[in-house]
Amino acid sequence: MITLKNITKTYGGSAQVQALKGINLTIEDGEIFGIIGKSGAGKSTLVRCINMLEKPTSGQVIIDDKDLTKMSESQLRAERKNIGMIFQHFNLLSSRTVAENIAFPLELIGASKDVIEKKVASLLDLVGLSDRAGNYPSQLSGGQKQRVGIARALASDPKILLCDEATSALDPQTTKSILELLQDINKRLGITIVVITHEMAVVKEICHRVAVIESGVIKEMGRVVDIFTNPQSQTMKDFVTSIINMELPAGIKNLGVTNQPAPDRNMLVRLRFKGAATNDPVVADVVRKFNVEVSVLYGNIDYIQDEPFGYLIVVIMGDMETQAKAFSYIKTLPIGSEVLGYVPRNN
Ligand SMILES: Nc1ncnc2c1ncn2[C@@H]1O[C@H](COP(=O)(O)OP(=O)(O)OP(=O)(O)O)[C@@H](O)[C@H]1O
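Residues numbered from 1 in each chain as written. Predicted model: local features only at pLDDT ≥ 70, side-chain atom pairs only at ≥ 80, totals over all residues.

### Section: the UniProt feature "domain: ABC transporter" (unreviewed entry) in the protein
Next, step 1: According to UniProt, the "domain: ABC transporter" (unreviewed entry) feature falls on residues 2-240.
Next, step 2: The annotated region residues 2-240 carries 38% helix and 26% strand content, and the separation between its end C-alpha atoms amounts to 26 Å. (UniProt positions renumbered as here; feature names shortened; annotations may be inferred. Helix = DSSP H or I, 4+ residues; strand = E, 2+ residues; numbered from the N terminus.)

### Quick notes on the site of the ligand
Next, step 1: Residues in contact with the ligand, as listed here, are Tyr 11, Val 17, Ala 19, Gly 37, Ser 39, Gly 40, Ala 41, Gly 42, Lys 43, Ser 44, Thr 45 and His 198.
Next, step 2: Secondary structure elements with two or more residues in the shell around the ligand: β2 (17-27) and α1 (43-50).
Next, step 3: Ranked by residue count, the leading element in the shell around the ligand is α1, at 3 residues.
Next, step 4: Here the shell around the ligand is built from residues that sort into 4 nonpolar, 7 polar and 1 charged. (Near = placed C-beta within 6 Å. Nonpolar A, V, L, I, M, F, W, Y, C, P; charged D, E, K, R; others polar.)

### Details of the nonpolar core
Next, step 1: With 87 residues, the main nonpolar core has Ile 102, Ala 151, Leu 162, Cys 163, Val 194 and Val 195 as its most contacted residues.
Next, step 2: Among the domains, domain 1 (1-240) and domain 2 (248-342) are the pair contributing at least three residues each to this core.
Next, step 3: Leave out the neighbours within four places in its chain, and Val 194 touches Ile 27, Phe 33, Ile 35, Val 47, Ile 50, Ile 160, Leu 162 and Cys 163. (Core = buried A, V, L, I, M, F, W, Y, C linked by C-beta atoms within 7 Å. Buried ≥ 20, exposed ≤ 12 C-beta atoms within 10 Å, placed from the backbone. Domains from an automatic or database assignment. Contact = placed C-beta atoms within 7 Å.)

### What about helix α12 (residues 320-331)?
Next, step 1: In this model α12 runs 17 Å from its N-terminal to its C-terminal C-alpha over 12 residues, within 8% of the 16 Å that 1.5 Å per residue would give.
Next, step 2: On the buried face of α12, the contacting elements are β11 (265-274), α11 (282-290), β13 (307-317) and β14 (336-344). (Expected span 1.5 Å × (residues − 1).)

### Some points on unusual backbone geometry
Next, step 1: Of note in this structure, Asn 6 is not a glycine but carries a positive phi near 50 degrees.
Next, step 2: With respect to the element layout, Asn 6 can be found in strand β1 (residues 2-11).
Next, step 3: By C-beta crowding, Asn 6 is classed as partly exposed, having 13 other C-beta atoms within 10 Å.
Next, step 4: In this model, Met 52 sits at a positive phi of 65 degrees, which is unusual for a non-glycine residue.
Next, step 5: Turning to its location among the elements, Met 52 is positioned in the loop between α1 and β4 (58-63).

### Overview of the domain arrangement of the protein
Next, step 1: By domain assignment, the protein separates into domain 1 (1-240) and domain 2 (248-342).
Next, step 2: Relative placement of domain 1 and domain 2: their C-alpha centres are 41 Å apart.
Next, step 3: At the junction of the two partners, domain 1 supplies 6 residues and domain 2 supplies 7 residues.
Next, step 4: The element contributing the most residues to the side of domain 1 that touches domain 2 is helix α8 (residues 224-229), with 4 residues.
Next, step 5: A breakdown of the residues in the side of domain 1 that touches domain 2 according to their chemical character gives 3 nonpolar, 2 polar and 1 charged.

### Looking at the packing of helix α5 (residues 142-154) against helix α6 (residues 172-189)
Next, step 1: Interaxial distance between α5 and α6 falls to 10 Å at its minimum, and their mutual angle equals 20 degrees. With respect to their mutual orientation, α5 and α6 come out roughly parallel. For the pair α5 and α6, the crossing hand works out as right-handed. The residues of α6 that touch α5, namely those facing Gly 142, Gly 143, Gln 146, Arg 147 and Ile 150, are Thr 174, Ser 177, Ile 178 and Leu 181. (Axes fitted to C-alpha atoms, helices over the stretch in contact; angles between N-to-C directions. Parallel < 35°, antiparallel > 145°, perpendicular 65-115°, else oblique. Left-handed = near helix turned anticlockwise from the far one by under 90°.)

What follows is the structure in structure tokens.
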């Protein structure tokens, strides 16, 4: 488990920058945890505090009950074997072959030639590059270079893998294959993965939980499926709407939506489903119970990893009292719901 307690980081120099302003965070073993934020939010600083490449100005970094902020340099060097890291621009050694790059951390800890050979072969197999062992980085595509970066990061059998914008330099197809590899590594080896990104698509694809950071402060944190169906902070709403449209479709806006109920208006409602509730016959249920007509104007179902989530925009027709009763009932169901407004009855 990784626990960050009240981490602050102020960069010195003439103009002091407070990059982190009291970060509290717990990342469970085996989790894929996303940290998302815009440029300059403090993401890289935060992830570099986890392995103490950046020393926090104050606060504690506790990994498996050990406080890294209290360790000497040599203790830290030993501890960092448990924490692999991959980077946006791969950071491979251009004069070394693929196999030699992967072997590098093992050479540093004085592993025997035999051990290194076996380990490199199994890592090459894991990342699907067995046929590229003798190539130099310049002979590889971006995706292949990142695979080498991943293999090198895993060479010391870390328990944690930190990924700093690991797919930001890659095209969407290659990004997908690298994310699949990370997910596979998480499942097969049980490694905890911390993913730093500015792309919500990356979070949606592989993260179990996510925290959004802005100006050195965590604005919101939660399970990815909860965040997608019900973001609270403006920052998270902006990220969610960057990949799923929560705006009212133009066709619905044009119906003449008002905020107040009226005898000649019907209620416009958004229903938000996730997980098993996606299969619940909510609309049929409301129609039967309240003898109202419900018309579906818009629907959208998507998946976060294997978990479905979706939106439905419906119009509840009937007199004002029945509309209100039907909505009160919907509020008791295990789904999200909100009244978006009221539309003229003839729609
Ligand atoms: N070594 C440094 N010295 C001074 N200021 C720094 C240093 N590194 C980062 N900063 C500042 O700290 C703040 C957070 O930077 P950081 O790189 O952590 O953000 P980020 O979210 O990773 O941004 P990006 O996505 O653009 O890399 C920024 O204002 C940045 O200018």
